[in-house]
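Coordinate analysis (summary)
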Amino acid sequence: MKTVIMAGGRGTRIASVASDIPKPMIKINGVPVLEHEIECLRSQGYTDIIITVSHLGHIIKDYFGDGSGNSPVTGKPFGVRIEYYDEATPLGNAGALFELRDELIEDFLLLNADSVFDVDFDRFVAHHRKSGGLATLFTHPNSHPYDSGLLITDREGRVDRWLTKEDERPTYYRNCVNAGLHVLSPKLLEKRPDTEKVDLDRQILKPLAGSGKLYAYSSPEYVRDMGTPERYEAVCRDFAAGTVQARNLRNKQRAIFLDRDGTINRYVGFLRNIDEFELLPDVTEAVRKINGSGYLAILVTNQPVIARGEVTYEELDEIHNKMETLLGADGAYLDAIYYCPHHPHSGYEGEIKELKIDCDCRKPKPGMLIKAANDFNIDLSQSWMIGDGENDVLAGKNAGCCTVLVDQKQNFGQDLTATTLVEAVDKILK
Ligand SMILES: [Zn+2]
């Protein structure tokens, strides 16, 4: 599969870090960002690369050549085949793709070199093939969804709406942000918009929203913009700490699983009304600490209100949108949400018969944790479950995790006990 790397951006906002080299040549750990990215691709067999260059592009060409030589910094072979597309006249970031149409005859990866990434590309491409759309966007939750562009998807991951920073957004929304990595079908290049410059997001991808052909692929792997000096410093710190590479899902992950009612939000019995959803004090701080720790933050919650017919799937999604919006307003995010909609006892009015089953996912069964472990390559023995009830402790133990009970008065055999979520997280991270 061919990979196109867009390396033509100017990056004026980090001129204070480096003004005389193109942004992808800025060094992290002594090695240009673009070299880290090419190495990430090479190590996974993606060796057929086209780099589109414009501003100061000769610096990139001089450094990498055709990819057959050795790195001037590390001395190791690049081990790839590189072609360049030189944008003599700026064509917008998608203009080059139309010029490269003859080479891009199969699905291809399109990567924005302005961000730092280390991801499992096979997994991303497999998802694209399985969904069968024309384009798949790599998405993730970030720490500032309130000023990021957002994607609104249906339950199958199809993008219904594409909201830019400036667009009006719903009160509550999922923290689902476009990370600038794509798998695209060459079918998208069949008809070039008849403008001089072509903008990828605005003219090619955004119009696909709502068509059923644009998909989101949500992943907790590391993709960060380094567009400001502060963000660049943060990326350097993450790189030095090994976080960038460790988050690649080809590596085993660690997670902190979180119960919802009574752990994240105030316990009100069966929560049916979105207005009753209220975060407990310091929960955003606790989740932020997990986000900064190298553990994934994954919610696992029993929601028998679905089986009981008291809350619809759509209403539950909206409650979770509220949770994500409140967390996101304070810089915190969940990497994934799992819920069990089932309930074992039937015979009630208004219930949904097919959900009245003895399932494998309702805590204390470990089904949701095991599903998450399969989805994100998690080592459960290195992971934790935090909750306020016996079912949480037992589900954690049944999955082979360590456990924290957020209730000083009970003992269900948990490994640690805490008063609040933030205290629980502090004890795990100590
Ligand atoms: Zn279930």
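Relevant structure appears above.
Now for a description of the structure that goes with this document. All of these numbers come straight from a predicted model, not from anything done at the bench. (Residues numbered from 1 in each chain as written. Predicted model: local features only at pLDDT ≥ 70, side-chain atom pairs only at ≥ 80, totals over all residues. Heavy atoms only, no water.)

1. Here's the deal with helix 11 (residues 390-399)
Convention followed: For the exposure calls, accessible area comes from a 1.4 Å probe over protein chains only, and a residue counts as buried if that area is under 20% of its type's maximum, exposed if over 50%, partly exposed in between. By the criteria applied, helices consist of DSSP H or I runs no shorter than four residues and strands consist of E runs no shorter than two, each listed in order from the N terminus. In this description, one arc is meant: the one made by directions from the helix axis to the C-beta atoms. The contact rule is simple, with two residues in contact once any of their heavy atoms fall within 4.5 Å.
Three or more residues of helix 11 are buried, namely Asp392, Val393, Ala395, Gly396 and Ala399. Buried positions in helix 11, seen along its axis, are confined to an arc of 165° and lie on one side of it. Elements in contact with the buried residues of helix 11: helix 10 (367-376), strand 17 (384-387) and strand 18 (402-406). The first or second residue beyond helix 11 is Gly400, which carries a positive phi of 90°.

2. Describing the environment of Tyr313
Structurally, the position occupied by Tyr313 is in helix 9 (residues 313-329). You can call Tyr313 partly exposed: its relative accessible area is 28%. In this structure the C-alpha to C-alpha distance between Tyr313 and Pro341, which are 28 residues apart in sequence, comes to 8.6 Å. Those residues in contact with Tyr313 that lie beyond four places of it in its chain are Arg155, Ile306, Tyr339, Pro341 and Leu355.

3. Here we look at the layout of surface pockets
Selection rule: Only protein atoms enter the calculation, which uses a 1 Å grid: trapped sets of points that fit a 1.4 Å probe without letting it out are cavities, open sets showing protein on both sides within 12 Å along at least five of seven lines are pockets, and any residue with an atom within 4 Å of a point is a lining residue. Grid points are joined across faces, edges and corners, and a volume is the space filled by probe spheres set on the points. For this scheme, ten residues count as nonpolar: Ala, Val, Leu, Ile, Met, Phe, Trp, Tyr, Cys and Pro. Four count as charged, namely Asp, Glu, Lys and Arg, and the remainder, Gly too, count as polar.
Of the voids in this model, the second largest pocket is the one considered here, and its volume is about 1,700 Å³. Around the second largest pocket sit 45 residues that line it, and Asp154, Arg155, Gly157, Arg174 and Ile337 are the ones nearest its centre. The biggest single contributor to the lining of the second largest pocket is helix 9, with 6 residues. Class assignment of the residues belonging to the lining of the second largest pocket gives a composition of 20 nonpolar, 11 polar and 14 charged.

4. Some words on the coordination of the zinc ion
Definition in use: Coordinating N, O and S atoms are those within 2.8 Å of the metal (3.2 Å for Na, K and Ca), and as water is not part of the atoms, a site may appear to have fewer donors than expected. When four donors show all angles between 85 and 135 degrees the site is tetrahedral, when four or six donors have opposite pairs over 155 degrees and all other angles between 65 and 115 it is square planar or octahedral respectively, and in every other case it is irregular.
Here the zinc ion is held by Cys340 (SG), His342 (ND1), Cys359 (SG) and Cys361 (SG), and the distances to it run 2.0 to 2.3 Å. Its 4 donor atoms give the zinc ion angles of 99 to 118° at the centre, a pattern that matches the tetrahedral case. Each donor residue of the zinc ion lies on the same chain, and together they follow the pattern C-x1-H-x16-C-x1-C. With Cys340 in strand 16 (residues 336-340) and Cys361 in the loop between strand 16 and helix 10, the pair connects residues that are 21 residues apart, well separated along the chain. We note that Cys340, like Cys361, is buried.

5. Focus: the pairing of strand 8 (residues 135-140)
Just so we agree on the cut-off: Only when DSSP finds a minimum of two bridges between them are two strands counted as paired.
Taken across its 6 residues, strand 8 has 6 buried, putting it largely inside the fold. Summarising the sheet, strand 8 and strand 12 (residues 214-218) pair through 5 bridges and their orientation is parallel. Following the sheet pairing, Phe138 is matched in strand 12 by Tyr217.

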